[in-house]
Amino acid sequence: MHNLSKDELRLLGKLSTPEEVQKYLDDLPYNKEKHGETCLSPRLVIRYKKAHCFEGALFAPRRCA
């Protein structure tokens, strides 16, 4: 699946409901873009463990569809 690591696949496997996805996003620190504007992909949200509203919006549909 898109060359995701085992850890990334494991995390995504745990997020099986919209509520679990929302909890995951709510628990992440807010991405304040200290070094310039960002538009993190779902994979980078997992890697950097932060997201702002739009990045969370990009992340959620992948798991809630």
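Residues numbered from 1 in each chain as written. Predicted model: local features only at pLDDT ≥ 70, side-chain atom pairs only at ≥ 80, totals over all residues. Heavy atoms only, no water.

**Thoughts on helix α1 (residues 6–14)**
So the rule is basically this: Burial status follows relative accessibility: with a 1.4 Å probe on protein chains alone, a residue under 20% of its type maximum counts as buried, one over 50% as exposed, and anything between as partly exposed. Secondary structure elements are defined from DSSP: runs of H or I of at least 4 residues count as helices, runs of E of at least 2 residues count as strands, and each element is numbered from the N terminus. Read the arc as the range of directions from the helix axis to the C-beta atoms.
The complete set of buried residues in α1 reads E8, L11 and L12. With its buried residues spanning 95° around the axis, α1 presents them on a single face. In α1, the exposed residues that point more than 90 degrees away from the buried face are K6, D7, G13 and K14.

**Let's talk about the packing of aromatic side chains**
To be explicit about the condition: The criterion for an aromatic pair is that two Phe, Tyr or Trp rings (for Trp, the six-membered ring) have centres within 6.5 Å, with stacked assigned to planes under 30 degrees apart, edge-to-face to planes over 60 apart and tilted to the rest.
The final tally for this structure, using the stated rule, is 1 aromatic pair. On the basis of an interplanar angle of 25° and a centroid distance of 5.4 Å, the ring pair of Y24 and F59 is categorised as stacked. Note that Y24 is positioned in helix α2 (residues 18–27) and F59 in helix α4 (residues 53–64), a separation of 35 residues in sequence. Each member of the pair Y24 and F59 is classed as buried.

**A closer look at the pattern of salt bridges**
Our working rule: Counted as salt bridges are all cases of a side-chain nitrogen of Lys or Arg within 4 Å of a carboxyl oxygen of Asp or Glu.
Following the criterion strictly, the structure yields 4 salt bridges and no others. Between R10 and D7 there is a salt bridge; the shortest N-O distance is 2.6 Å. Of this pair, R10 and D7 both sit in helix α1, 3 residues apart, which is roughly one turn of that helix. For R10, a relative accessible area of 45% gives the class partly exposed. The exposed category is assigned to D7, whose relative accessible area is 54%. Close ionic contact of K23 with D27 constitutes a salt bridge, the shortest N to O distance being 2.6 Å. Of the two residues, K23 and D27 are both situated in helix α2; the distance of 4 residues between them amounts to about one turn of the helix. Given a relative accessible area of 52%, D27 falls into the exposed group. Through salt bridges with shared partners, a single ionic network connects E8, R43 and R47.

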